[in-house]
Amino acid sequence: SRSNSMLKYLRSLIESYLFILIASLGIGIFLPQIQILSAWNTLFLQIIFFLSSLKLDIDQFAHHLKDWKTILVTAGFMLIVLPVLVRILLFPFGDLFAGPALALFLLAAMPAGMTAPLLVEIVGGKQAMALVITITTSLLAPFSIPLITLLSYRTSVHVDAFGMFQKLALVIFIPFIIAMLVKRLFPKKIAKIASHTKPISIFLLGLLIATAIAPYAERLQISFVSHPLTVLLLIALLFIFFAILHILGYNVIWWKSISDRQTITVCLTYMNFTLAIYLASRFFPDPTVVLTLILSIIPWAVMLPLWKKISAAK
């Protein structure tokens, strides 16, 4: 019947990553009042990570934790090689677009995003491996970002190492431990519900995106109205940048399996952009830097389904 078809269509929209994320971008820009929910962001991340951890195998996590070669190569490339490469390649164009170049450098220097295990699940990668890379790069980032920024831009920045560890404990360690305990106590019940939790996680991710962009809604609206061509060019540049990140991420560990390479691609490309925005707003006064970083949320949000189709065809 027509009502059943409508219900199926609505359900497919609710479960669609692309729909939820595009809707979140629109809500963040045109309904900035949603930023009131940012006080709950830590809880949203905890729930996302708890639900993702219900599908994790502790033995697989231990296996990837022992794979020091992959960890070393991936973390080194993400935190050192990539930002240096971006700095070198964009240095000749510094006079033309210094602000966007700095923004791309900051994005390249960021650790994997806290939502990487969820995004890896969406593309069919290995969540346990994503967890190891997220923890490793997040622990190293407070030391690598100040060093690489000082060497590249002669500017001192400070990343709170204790704050980063505290965030990891709240968002990753605690939900992971609770999830492992729940799986041990109620294995049959968890096995039944674990595979149905993805829509909840995607919805919460949408709320995180909306609350991340909402504080800058007025700035974005003014930029779109006063400098539409500039904004469109920045968005195009960011899509090209993220496309290149996908290619580089897929080839960093060329000797590994396709699922491993898909996992590293997501960890490298879908970085912690909120940390980049924070550092730019605090240490770099150029408004185009912050604007470019805010706009990076657009390719961050919408390119994953395309990459899923491309990687599935490999």
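Higher on the page you've got the structure.
K.L.:
How would you sum up unusual backbone geometry? Please name residues and give values.
P.N.:
Positive phi, close to 55°, is recorded for Arg-154, a residue that is not glycine. Within the secondary structure, Arg-154 sits in the loop between helix 8 (127-153) and helix 9 (161-185). Classification of Arg-154 as exposed rests on a relative accessible area of 65%.

K.L.:
Could you give me a rundown of the layout of surface pockets, with the residues and numbers involved?
P.N.:
The probe, sized like a water molecule, is rolled over the atoms to show the empty space still left. By volume, the largest pocket is sized at about 800 Å³. Along its surface, the largest pocket is lined by 29 residues, and Leu-45, Lys-167, Asn-272, Thr-274 and Leu-275 are the ones closest to its centre. Broken down by secondary-structure element, the contributors of at least two residues to the lining of the largest pocket are helix 3 (41-53), helix 9, helix 11 (198-213) and helix 15 (273-283). If one sorts the elements of the lining of the largest pocket by residue count, helix 15 sits on top with seven residues. In this structure, the second largest pocket spans a volume of roughly 230 Å³. Around the second largest pocket, the lining residues are Leu-82, Leu-85, Val-86, Leu-89, Leu-90, Leu-104, Leu-237, Ile-240, Phe-241, Ile-244, Leu-245 and Leu-248. Put simply, the parts of the chain that give the lining of the second largest pocket at least two residues each are helix 5 (68-90) and helix 13 (228-252). In terms of residue count, the dominant contributor to the lining of the second largest pocket is helix 13 (six residues). Here the residues of the lining of the second largest pocket sort into 12 nonpolar, no polar and no charged.

K.L.:
Quick one: what's the story with empty space enclosed by the protein, residue by residue and with numbers?
P.N.:
Applying the stated rule across the entire model yields one cavity of 30 Å³ or more. Within this model, the largest cavity holds a volume of roughly 30 Å³. Forming the walls of the largest cavity are His-64, Asp-67, Thr-70, Ile-71, Met-129, Val-132 and Ile-133. Where the lining of the largest cavity is concerned, the elements lending two or more residues are helix 5 and helix 8. Classifying every residue of the lining of the largest cavity gives four nonpolar, two polar and one charged.

K.L.:
Give a description of helix 7 (residues 116-123) that names residues and reports values.
P.N.:
Within helix 7, eight of the eight residues are buried, which leaves it mostly tucked inside the rest of the structure. What helix 7 keeps buried is the set Ala-116, Pro-117, Leu-118, Leu-119, Val-120, Glu-121, Ile-122 and Val-123. Gly-124 sits one or two positions beyond helix 7 and adopts a positive phi of about 85°.

K.L.:
Describe a nonpolar patch on the surface, naming the residues involved and giving the relevant values.
P.N.:
A cluster of nonpolar side chains, contributed by Val-73, Trp-254 and Trp-255, occupies part of the molecular surface with about 320 Å² of accessible area. Given the relative accessible area of 59%, Trp-254 is considered exposed.

K.L.:
Let's hear about the side chain of Ser-223: which residues, and what values?
P.N.:
Along the chain, Ser-223 falls in helix 12 (residues 217-226). By relative accessible area, Ser-223 is classed as buried at 12%. If sequence neighbours within four positions are ignored, Ser-223 has contacts with Pro-228, Val-231 and Leu-291.

Conventions we followed
- Residues numbered from 1 in each chain as written.
- Predicted model: local features only at pLDDT ≥ 70, side-chain atom pairs only at ≥ 80, totals over all residues.
- Heavy atoms only, no water.
- Helix = DSSP H or I, 4+ residues; strand = E, 2+ residues; numbered from the N terminus.
- Buried < 20%, exposed > 50% of the residue type's maximum accessible area, 1.4 Å probe, protein only.
- 1 Å grid on protein atoms, 1.4 Å probe; cavity = no way out; pocket = protein on both sides within 12 Å on 5 of 7 lines; lining within 4 Å.
- Points joined across faces, edges and corners; volume = space filled by probe spheres on them.
- Nonpolar A, V, L, I, M, F, W, Y, C, P; charged D, E, K, R; others polar.
- Patch = residues over 30% accessible without salt bridge, like charges linked within 9 Å, V, L, I, M, F, W, Y side chains within 5 Å.
- Areas by Shrake-Rupley, 256 points an atom, 1.4 Å probe, with all protein chains shown as cover.
- Salt bridge = Lys/Arg side-chain N within 4 Å of Asp/Glu carboxyl O.
- Contact = heavy atoms within 4.5 Å.

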